[in-house]
Amino acid sequence: MSAQLPGVLQSLAPVLNRHGYAAIVVLVGMEGFGIPLPGQTVLVAAGIFAGAGQLNLAGVLAVGFLAAVGGDNIGYAIGRFGGRRLVLRFGRYVFLTENRVAAAERFFARRGNIFVSIARFVDGLRQANGFVAAMARMSWWRFLAYNALGGASWVAVWVSLGYLAGNHIGEIYETFKRYQIYVCAALAVGVLVLVVRWLRRRRSRKQAAEPATAESPAG
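Residues numbered from 1 in each chain as written. Predicted model: local features only at pLDDT ≥ 70, side-chain atom pairs only at ≥ 80, totals over all residues. Heavy atoms only, no water.

Per an unreviewed UniProt entry, the protein chain carries the name DedA family protein and comes from Mycobacterium kubicae. As recorded by UniProt, the Sequence similarities (unreviewed entry) comment attached to the protein chain reads in full: "Belongs to the DedA family." Under the UniProt heading Subcellular location (unreviewed entry), the note attached to the protein chain is "Cell membrane". (UniProt positions renumbered as here; feature names shortened; annotations may be inferred.)

Structural data, given as structure tokens:
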């Protein structure tokens, strides 16, 4: 028996019924390197399926995470070895326009690490994430670390939302999409505040330790 998916999610029910985890891999993975597919939406739908007992929650989370990171890394490889010209030449066929790439590059120039971590939560940036990181010459290991952090958070949020919200997901999903940029900004500010507090405490401990270190030879 198929899980009941509300509104816009209903079209994904046959896909999940027939292909299960493979549908998550394809839709999430291909969206990660620019193909305009409902990767984010299928995670919500898969969460509802998991809540109905048709898919395993841990399996959905694991498959979604691997697909998200794998797709972004394909995008990174294309941007690294193909360069900006290749991305712009073929990107327009999957709605990855020059304006979108330029906007992503401007954001990346100011907030590179944060960009990679939160880009998955923003339509347009999500599809350009790997391309832009590669064109900006971000090292692959650094990209992989921040991308894995962002991918894990993104998958966990949307799958959990579907799993917990059930039949109310339609209204919640539309509301979140409308205000997602503000939610992401709030999350970024929260993380920044925590990092600043940690750095200040670390500096205070260093300053407190310095006088003791300086006095020890005289003693």
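From this point on, the discussion continues.
The next subject is the nonpolar core. Leu 16, Ile 24, Val 28, Leu 43 and Trp 154 are the most contacted members of the largest nonpolar core, which has 25 residues in total. Looking at this core, the elements that each hand over two or more residues are helix 1 (13-19), helix 2 (21-32), helix 3 (39-51), helix 4 (57-91) and helix 8 (140-165). Excluding anything up to four places from it in sequence, Val 28 contacts Gly 39, Val 42, Leu 43, Gly 64, Ala 67, Ala 68, Arg 120 and Trp 154. The next biggest cluster of nonpolar side chains, apart from the first, holds twelve residues, and it includes Phe 115, Val 116, Leu 125 and Ala 133. (Core = buried A, V, L, I, M, F, W, Y, C linked by side-chain atoms within 4.5 Å. Buried < 20%, exposed > 50% of the residue type's maximum accessible area, 1.4 Å probe, protein only. Helix = DSSP H or I, 4+ residues; strand = E, 2+ residues; numbered from the N terminus. Contact = heavy atoms within 4.5 Å.)

Turning next to the packing of helix 2 against helix 3. Close contact between helix 2 and helix 3 brings their axes to 8 Å; oriented N to C, the two are set at 150 degrees. One finds that helix 2 runs roughly antiparallel with respect to helix 3. Note on packing geometry: the crossing formed by helix 2 with helix 3 is left-handed. Between helix 2 and helix 3, the residues in contact are Ile 24, Leu 27, Val 28 and Glu 31 and Gly 39, Gln 40, Val 42, Leu 43 and Ala 46, respectively. Its residues assigned to classes, the contact of helix 2 with helix 3 comprises six nonpolar, two polar and one charged. (Axes fitted to C-alpha atoms, helices over the stretch in contact; angles between N-to-C directions. Parallel < 35°, antiparallel > 145°, perpendicular 65-115°, else oblique. Left-handed = near helix turned anticlockwise from the far one by under 90°. Nonpolar A, V, L, I, M, F, W, Y, C, P; charged D, E, K, R; others polar.)

Summed over the entire model, instances satisfying the criterion amount to two aromatic pairs. Arranged with centres 4.9 Å apart and planes meeting at 20 degrees, the rings of Tyr 76 and Phe 143 form a pair that is stacked. Note that Tyr 76 is positioned in helix 4 and Phe 143 in helix 8, a separation of 67 residues in sequence. For Phe 143, a relative accessible area of 0% puts it in the buried group. Geometry around Trp 154 places Arg 120 over its ring, the cationic atom sitting 4.3 Å from the centre. (Phe/Tyr/Trp six-rings, centres within 6.5 Å; stacked < 30°, edge-to-face > 60°. Lys NZ or Arg CZ within 6 Å of the ring centre and 35° of its normal.)

So, on to the pattern of salt bridges. According to the stated counting rule, one finds two salt bridges in the structure shown. For Glu 31, the salt bridge identified is with Arg 126, shortest N-O distance 3.3 Å. You can see Glu 31 sitting in helix 2 and its partner Arg 126 sitting in helix 7 (residues 125-135), a full 95 residues away along the chain. Taking the shortest distance from any N to any O, the salt bridge between Asp 72 and Arg 120 comes out at 3.2 Å. Highlighted residues: Asp 72 in helix 4 and Arg 120 in the loop between helix 6 (112-118) and helix 7, separated in sequence by 48 residues. On the basis of relative accessibility, which here comes to 0%, the residue Arg 120 falls in the buried class. (Salt bridge = Lys/Arg side-chain N within 4 Å of Asp/Glu carboxyl O.)

So, on to a nonpolar patch on the surface. A cluster of nonpolar residues, Val 25, Val 26 and Met 30, forms a patch on the protein surface that exposes about 220 Å² of accessible area. Here Val 26 shows up in helix 2. (Patch = residues over 30% accessible without salt bridge, like charges linked within 9 Å, V, L, I, M, F, W, Y side chains within 5 Å. Areas by Shrake-Rupley, 256 points an atom, 1.4 Å probe, with all protein chains shown as cover.)

Take helix 2 next. Between the first and last C-alpha of helix 2 there are 17 Å, a value that for twelve residues agrees with the 16 Å anticipated at 1.5 Å per step. Taken as a whole, helix 2 has its buried residues at Ala 23, Ile 24, Leu 27, Val 28, Gly 29, Glu 31 and Gly 32. Of the residues flanking the end of helix 2, it is Gly 34, one or two places downstream, whose phi is positive at about 105 degrees. (Expected span 1.5 Å × (residues − 1).)

Turning to the side chain of Asn 129, a few remarks are in order. In this structure, Asn 129 sits in helix 7. Accessibility expressed as a relative area gives 0% for Asn 129, which makes it buried.

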